[in-house]
Amino acid sequence: MFGRIGTSELLLILAVVLLIFGPSKLPALAKSMGQAVKEFRKGTREVEEGLQKLANEPAEATQAEPAKKAEAPSSAETK
């Protein structure tokens, strides 16, 4: 439904933004949008790195944890 944005559509969007915010607020708006995109990319990169660490983690380490839980006495056994 929504294809690529062409030059005429982009100019129309920019004109509407200029009318809404005015020329004095555009630099501050652009700066805040740039910072938001930067933070979003940083968060995305951190999530990807975390997933890569989990994917590269040896399977033995994840299998050893349930065995430790099974060895621990239950609350009914300690009473």
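None of the values given here were measured: they were computed from a predicted structure.

Conventions adopted
- Residues numbered from 1 in each chain as written.
- Predicted model: local features only at pLDDT ≥ 70, side-chain atom pairs only at ≥ 80, totals over all residues.
- Heavy atoms only, no water.
- Helix = DSSP H or I, 4+ residues; strand = E, 2+ residues; numbered from the N terminus.
- Buried < 20%, exposed > 50% of the residue type's maximum accessible area, 1.4 Å probe, protein only.
- Areas by Shrake-Rupley, 256 points an atom, 1.4 Å probe, with all protein chains shown as cover.
- Patch = residues over 30% accessible without salt bridge, like charges linked within 9 Å, V, L, I, M, F, W, Y side chains within 5 Å.
- Salt bridge = Lys/Arg side-chain N within 4 Å of Asp/Glu carboxyl O.
- Lys, Arg positive; Asp, Glu negative; His and termini not counted.
- Charge placed at Lys NZ, Arg CZ, Asp CG, Glu CD.
- Expected span 1.5 Å × (residues − 1).
- pLDDT = per-residue confidence, 0-100.

Caption draft 1: Region of interest: the overall build of the protein. Broken down by element type, the protein carries four helices and zero strands. For the protein, the N- to C-terminal ordering of α and β elements is α-α-α-α. Across the 79 residues of the protein, 1% fall into the buried class. Accessible surface, the protein as shown: approximately 7700 Å² in total, 63% of it carbon and sulfur.

Caption draft 2: Looking closely at a negative patch on the surface. Side chains of Glu 39, Glu 46, Glu 48 and Glu 49 sit close together on the surface and give a patch of like negative charge. By secondary structure assignment, the location of Glu 49 is in helix H2 (residues 26-56).

Caption draft 3: Layout of helix H1 (residues 7-21). Counted at 1.5 Å a residue, the expected span for H1 with its 15 residues is 21 Å, and the 21 Å between its end C-alpha atoms agrees. One or two steps after H1, the chain reaches Gly 22, where phi turns positive at roughly 85 degrees.

Caption draft 4: How the structure looks around a nonpolar patch on the surface. A contiguous nonpolar surface patch, about 500 Å² in accessible area, is contributed by Ile 5, Leu 10, Leu 11, Ile 13 and Leu 14. Checked against the element boundaries, Leu 10 lands in helix H1. For Leu 10, a relative accessible area of 45% translates into the label partly exposed.

Caption draft 5: Local environment of the confidence of the model for the protein. Of the residues in the protein, 71% reach a pLDDT of 70 or more, and the chain-wide mean stands at 81. The weakest mean pLDDT in the protein belongs to helix H3 (residues 59-71) at 57; the strongest belongs to H2 at 93.

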